[in-house]
Amino acid sequence: MSFLGVTSSLTGRRWVGLSADQDRLAQAMVQQTGLPDALCRTLTRLGVPADQAQQYLTPQLRDLLPDPRSLRDMEKAAARFLQAVQNRQRIAIFADYDVDGGSSAALLITWLRQMGLAATLYVPDRIDEGYGPNASAMADLAQTHDLIICVDCGTLSHDAIAAAKGADVVVLDHHLGSETLPPALAVVNPNRQDEPGDLAHLCAAAVVFLMLVEVNRQMREAGQKGPDLMAMLDLVALATVADVAPLTGVNRALVRQGLTVMARRQRPGLVALSDIARMDSAPNSYHLGFLLGPRVNAGGRIGQADLGARLLATDNPNEAAALAERLDQLNTDRRDIEQRVRAEAMAQAEERGLDAPLVWAAGDGWHPGVVGIVAARLKEATNRPAVVIGMDDDEGKGSGRSVSGVDLGAAIQRLAAEGHLIKGGGHKMAAGLTVARDKLEDAMARLSDLLAKQGAGTAGPADLRLDSILMPGAATVDLIDRIESAGPFGAGAPAPRYAFPDMQVHFAKQVGETHLKLTLGNAPDSRIDAICFGAFETALGPALTQHAGQRFHLAGRLELNTWGGRQSVQLRLEDAAPVL
């Protein structure tokens, strides 16, 4: 049943509220706990029982953190790492070029620095070397190092790890494993095929953090004290959000505590990046995912691959400021490149058809550093798994993003095993691949078939899910503070959306090329300010500026707007529907 009778909004979506059962549970929670109705509806939607509501609102990491030893090879990996530290051996860190890889490397570098040790950082070039360890780099590192730690990569790198003769290799990863493991001393990965999968939602930085927990435990057992790990949770939080790991269970506790650590502004790299991104309030998951994450990623996408990891790892404020400025400029350049590729990819995908189980596009000269972002945009626009591939000579490198309930990584891995790809892998929601030009069409047809068997392509435009109705007068700073206690919100735990019914547009002004700033109300003394990003890329912009007195049901998320040291409530408008 549609919410407020909206079956097709201005963006073509049906509005859906809580089910009848959820509505009853929310009302019972209000009576049992005395918490605000809006908060209870959010908790109910997140599956929190009334008798666990207070505990959920104050999660304790010590209660949720798993025993590191529950992961295979963990004790062996930690012991070898500690042996290298105690014997002052030469350590190299081979890291992926994204936020998760950079955060993972920075965790190890920070820990080692506090123990008086340095490590060699190696981040492969996305274009020249591609994802993960390669035989040449590993062989070179093995000649001058005793221990190589692969973070956020390595699980499928059998040949490359075999080439690291003379050095021990430890893999700390979270990408899907195959039936056989690489010849490493230890492979710690909750997504190994012989793991039960109860920690499959961890990102690589969380796996690295768990190893350091185990290292500190082994040191305590030997009467020694290790570095303060809680002070490093800002890195785990950044990686968890940026890698779109679900913010449930221990992930939620890691991010929540990590945001508290980040707010202390003690890591020079994150301080410099926050300032250049003009963050003027306490960090939250939105800041991590949309302001900090893309800038850290920019080096690996179109610039120098190790910039992000170096920024996160440095303890020098001057170096941090210089790196942050460089990454900020690269992120601006990345947006320009992305915009061009996005337009071409969407046009190609529309010509091919947007109702298949898979939406895909491939083009010559498309920068491999932006194909993942463009794939995410296609996925969001079509509610279908999407793959975008940049072709170069006889092969292409691509990236895919999936929708809930469709395991793209497993499908890509099977495609590679069947010989349709040169290589490929990933996890449920994201994957990468390399494909020969002459196999492109067949590979995408086979992938579409595999995804169809998982149910891809059956959904229409995504429903817009709403927690409840609110009036402008009820949208207070205090209410937002209470609702934030159910966060942080993100993947796996979406932030609540609210419907404001029968609203009048009192003020509307275009901001920049595509955005819209508004003041809305349903009575002279009951108004709320709103911002609608990308309004003029949809039907929202024209409808809300040329309304001719038309009233609208409005939907979006509440946020605090800080200006001049004062806080006010703002609606981040996502959708609207004319009142009929």
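Here's a quick rundown of the structure.

This brings us to the pattern of salt bridges. Following the criterion strictly, the structure yields 33 salt bridges and no others. For R192, the salt bridge identified is with D73, shortest N-O distance 3.1 Å. Of the two residues, R192 is situated in the loop between β6 (186-188) and α9 (204-221) and D73 in the loop between α4 (61-64) and α5 (74-86); the sequence distance between them amounts to 119 residues. Taking the shortest distance from any N to any O, the salt bridge between R377 and E338 comes out at 3.5 Å. With R377 in helix α16 (residues 371-382) and E338 in helix α15 (residues 317-352), the pair connects residues that are 39 residues apart, well separated along the chain. Each of D67, R69, E75, E214, R217 and E221 takes part in salt bridges that share partners, so that together they form one network.

Further remarks concern empty space enclosed by the protein. Inspection of every chain in the model, using the stated rule, returns one cavity of 30 Å³ or more. Approximately 40 Å³ is the volume found for the largest cavity. When residues of the lining of the largest cavity are traced back to their parent elements, those giving at least two are α13 (285-302) and α14 (307-313). Of all the elements, α13 adds the most residues to the lining of the largest cavity, at three residues. When the residues that make up the lining of the largest cavity are grouped by side-chain class, the tally is five nonpolar, four polar and two charged.

In space, the five strands of this open sheet follow the order β7-β8-β9-β11-β10, with mixed pairing throughout. In this open sheet, the two strands that pair with only one neighbour each are β7 (359-364) and β10 (423-426). Ignoring which end each strand starts from, the neighbouring axes of this sheet average 15 degrees apart. With four bridges joining them, β10 and strand β11 (residues 430-436) adopt antiparallel strand pairing. By the bridge assignment, K423 is partnered in β11 with T434. The strands that helix α17 (residues 408-417) touches are β9 (395-401), β10 and β11; relative to β10, the one it contacts most, it runs at about 160 degrees. Sheet strands touched by helix α18 (residues 440-452): β7, β8 (386-392) and β11. Its angle to β8, the strand with the most contacts, is close to 170 degrees.

In this section: helix α11 (residues 249-263). Between its first and last C-alpha, α11 extends 22 Å over 15 residues, near the 21 Å set by a 1.5 Å rise per residue. Taken together, the buried positions of α11 are V250, N251, R252, A253, L254, V255, G258, L259, V261 and M262. On its buried face, α11 sits against α3 (53-57), α4, α9, α10 (233-242), α12 (268-276) and α13. Directly beyond the C-terminal end of α11, a positive phi value near 55 degrees is found at R265.

With that settled, consider the side chain of R572. Along the chain, the position of R572 falls in strand β18 (residues 566-578). You can call R572 buried: its relative accessible area is 18%. Contacts of R572, omitting those with residues within four sequence positions, involve Y286, I531, F533, A555, G556, R557 and E559.

This part covers the nonpolar core. Among the nonpolar cores identified, the biggest contains 96 residues, and F81, L108, W111, L172, M211 and L212 are the most heavily contacted of them. If you tally residues by element for this core, the top one is α9, at eleven residues. Setting aside residues no more than four positions away along its own chain, W111 makes contact with F81, V85, L212, V215, N216, M219, P227, L229 and M232. Core analysis: the second largest hydrophobic core is formed by 36 residues, A38, A486, L544 and L558 among them.

About the cut-offs
Residues numbered from 1 in each chain as written. Predicted model: local features only at pLDDT ≥ 70, side-chain atom pairs only at ≥ 80, totals over all residues. Heavy atoms only, no water. Salt bridge = Lys/Arg side-chain N within 4 Å of Asp/Glu carboxyl O. Helix = DSSP H or I, 4+ residues; strand = E, 2+ residues; numbered from the N terminus. 1 Å grid on protein atoms, 1.4 Å probe; cavity = no way out; pocket = protein on both sides within 12 Å on 5 of 7 lines; lining within 4 Å. Points joined across faces, edges and corners; volume = space filled by probe spheres on them. Nonpolar A, V, L, I, M, F, W, Y, C, P; charged D, E, K, R; others polar. Pairing = 2+ DSSP bridges. Axes fitted to C-alpha atoms, helices over the stretch in contact; angles between N-to-C directions. Contact = heavy atoms within 4.5 Å. Expected span 1.5 Å × (residues − 1). Buried < 20%, exposed > 50% of the residue type's maximum accessible area, 1.4 Å probe, protein only. Core = buried A, V, L, I, M, F, W, Y, C linked by side-chain atoms within 4.5 Å.

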